[in-house]
Each structure stands twice: as C-alpha cells, then as structure tokens.
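Below, each chain spelled out in residue letters.
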Amino acid sequence: MNDFSLTGNTTVDQEDVKRHSKHMKVWWDPKGKMGALHSFNILRVPLVRDGLVSEPEKEKTLTPLADKTILDVGCGGGILSEALARIGGVVTGVDASEELIDCAKRHSDLDEKIAHNKPAYFCSTIEHHAEEHPNRYDAVVASEIIEHVADTELFVRACVSCLKPGGRIFVTTPNRSLWTRVLGIYVSEYVLGTLPKGTHQYRKLTTPNEVSFLLERSTVHSLSTRNPF
C-alpha cells in the first residue's frame, strides 16, 4: 500500500477549492456559470463508456457500465458522476470541497434515474483515498481537474494506484496552448462570461505530452487524454 502522506505534499490548492466552492448554488444550472461542465458530458460520457465496454455490449443495454467501478476524481457537485451512474456505472466521487460534496449528495437524491444506483461521495483528497482504497476501481476519471491541483505528479500517482490491474484512466484537461489562453481563458472567462472569472490559471495548464509522461512514470502506457484546443 502506498503511504502518500509520508511525502509531506498535497494535491490540494486551497485557493482553487475556495474558488469553486462558492459556485455551489449554481452548480446544477446548465444555463449558468457552470454550463460548460454540463456540455462537456456530451464528450466525456462516451469517452468513458467506449473505453470500458465493447461495441456489442453497448448495443445490448441502456446501462452498459453496469458493474463497472468508477472513481470520479475532483467530482465537484457530481455532474459527471451522475451521468455515469445513469448508464450503470458504480461511481465513487471524491472532492476536497465539503460544500461541493454536500451539493452532489443532495442533488443525487433528486434524480429518479439513479435512485437505485446513487454515486457514493466523499470529501477527501485523492492521495488519502488512494491510501484507503488501492487497486479498487475498473476506471479512474480525472476530468477538468489536473489543472487545478497543487502537485500533478502526486495526483497522477495517487489516481493510478486506485486502479485494479488492467484498469483504465481517463484524463480530460485544457491544453496549454495559445488557443486555450485566448479562447478558453480570456474570451470564455472575461468576455463572454461562460466560465467564472479565475477558473483557470494558464501557468497550471498541462499538455497531452506532459500528462502522458506523468502516466508513464506511474507505469501506465495506454491512456485517453482529451483537450478542447
């Protein structure tokens, strides 16, 4: 078992946690400040589904992820967690924000489609969760979160340690590029207001090659990464 606490490091950026926590009340408004996260599910859910089940299996059922254990890291208010649970995933969501975990728990009580398959939510860091639950999940999803952590290497190692042998990890994050700096940050956050101001700090963004390198250092050689620019 990995004892990540011995490193003395943490993945949590407290300022980022505070910044996101204050949007708790509008988290589930698809037309509000968090609307982009809702729209990303059009891409994120098929990415995970197609990475875990074959084409014939998908065609047989409306719940192709049934019995697949999935860890949603940095789950926030549960937008992706609930979507994966609706198609059968046995989802655990972890987030460092108590406010957003409370938001996720309360909203899951409102969704009749997951009444018998609610995600389990925990306010925790990924490194602490990894210590308690090593080699547990068929898939780990780190969607729109690695750009918000304080220690990306520790974050990736902890995510990977939660996987069962042969498990899959899915990473989606904005690419550190000129297009992201102009469109994803300046235009989206400061001109159009489709994202809250200060959501992203350009210096904390990564590139697909950097994510691949971190995964390879954690002995993962096949991965899925997605970025919008």
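Quick caveat: nothing in here was measured; it's all calculated off a predicted structure.

Engineer: Looking at this structure, I do not really get the packing of helix H2 (residues 35-52) against helix H4 (residues 79-86). What am I missing?
Structural biologist: When two helices pack together, you describe them by how their axes are tilted relative to each other and by the distance separating the axes. Two numbers describe how H2 lies on H4: the axes approach to 10 Å, and their chain directions differ by 45°. Taken together, the axes of H2 and H4 lie oblique to each other. In the crossing of H2 with H4, the sense of the turn from one axis to the other is right-handed. Across from Leu 37, His 38, Asn 41, Arg 44, Val 45 and Val 48 in H2, the residues of H4 making contact are Ile 79, Leu 80, Ala 83 and Leu 84. Residues of the contact of H2 with H4, tallied by class, amount to seven nonpolar, two polar and one charged.

Engineer: Can you help me understand the nonpolar core in this one?
Structural biologist: Leu 71, Val 73, Ile 126, Val 140, Phe 155 and Ile 169 are the most contacted members of the largest nonpolar core, which totals 25 residues. Setting aside residues up to four positions removed in sequence, Phe 155 forms contacts with Thr 11, Val 73, Ile 126, Ala 142, Ile 145, Ile 146 and Val 149. In terms of nonpolar packing, the next biggest core, distinct from the first, is built from 17 residues, Ala 85, Ile 87, Ala 139 and Val 141 among them.

Engineer: Could you clarify how one ought to interpret the pairing of strand E4 (residues 137-143) in this entry?
Structural biologist: Regular strands place their side chains on alternate faces of the sheet. Where burial is concerned, most of E4 is hidden: seven out of the seven residues are buried. Where strand E1 (residues 69-73) and E4 come together, three bridges link them in parallel fashion. Paired with Ile 70 across the two strands is Ala 139, which belongs to E4. Pairing between E4 and strand E5 (residues 163-172): six bridges, direction parallel. Looking across to E5, one finds that Ala 142 is bridged to Val 171. Where the polypeptide runs from E4 across helix H7 (residues 152-161) and back to E5, its parallel neighbour, the crossover connection is right-handed.

Engineer: Could you clarify how one ought to interpret empty space enclosed by the protein in this entry?
Structural biologist: Picture a little ball the size of a water molecule; that probe, rolled over the atoms, points out where space is still empty. This structure, assessed with the given rule, holds one cavity of 30 Å³ or more. What the largest cavity holds in volume is close to 30 Å³. For the largest cavity, the full set of lining residues is Ala 142, Ile 146, Phe 155, Val 156, Cys 159, Ile 169 and Val 171. Of all the secondary-structure elements, those providing two or more residues to the lining of the largest cavity are H7 and E5. Counting residues per element, the lining of the largest cavity draws most heavily on H7, which supplies three residues.

Engineer: Please explain the layout of surface pockets as it appears in this structure.
Structural biologist: Of the volumes computed, that of the largest pocket is approximately 720 Å³. Lining the largest pocket are 47 residues, with His 20, Gly 74, Glu 144, Ile 145 and His 148 positioned closest to its centre. Elements represented by at least two residues in the lining of the largest pocket include exactly helix H1 (14-21), H2, E1, H4, strand E2 (90-95) and helix H8 (178-191). When its residues are assigned to classes, the lining of the largest pocket shows 23 nonpolar, 17 polar and seven charged.

About the thresholds
Residues numbered from 1 in each chain as written. Predicted model: local features only at pLDDT ≥ 70, side-chain atom pairs only at ≥ 80, totals over all residues. Heavy atoms only, no water. Axes fitted to C-alpha atoms, helices over the stretch in contact; angles between N-to-C directions. Helix = DSSP H or I, 4+ residues; strand = E, 2+ residues; numbered from the N terminus. Parallel < 35°, antiparallel > 145°, perpendicular 65-115°, else oblique. Left-handed = near helix turned anticlockwise from the far one by under 90°. Contact = heavy atoms within 4.5 Å. Nonpolar A, V, L, I, M, F, W, Y, C, P; charged D, E, K, R; others polar. Core = buried A, V, L, I, M, F, W, Y, C linked by side-chain atoms within 4.5 Å. Buried < 20%, exposed > 50% of the residue type's maximum accessible area, 1.4 Å probe, protein only. Pairing = 2+ DSSP bridges. Right-handed = clockwise from strand over helix to strand, strands pointing away. 1 Å grid on protein atoms, 1.4 Å probe; cavity = no way out; pocket = protein on both sides within 12 Å on 5 of 7 lines; lining within 4 Å. Points joined across faces, edges and corners; volume = space filled by probe spheres on them.

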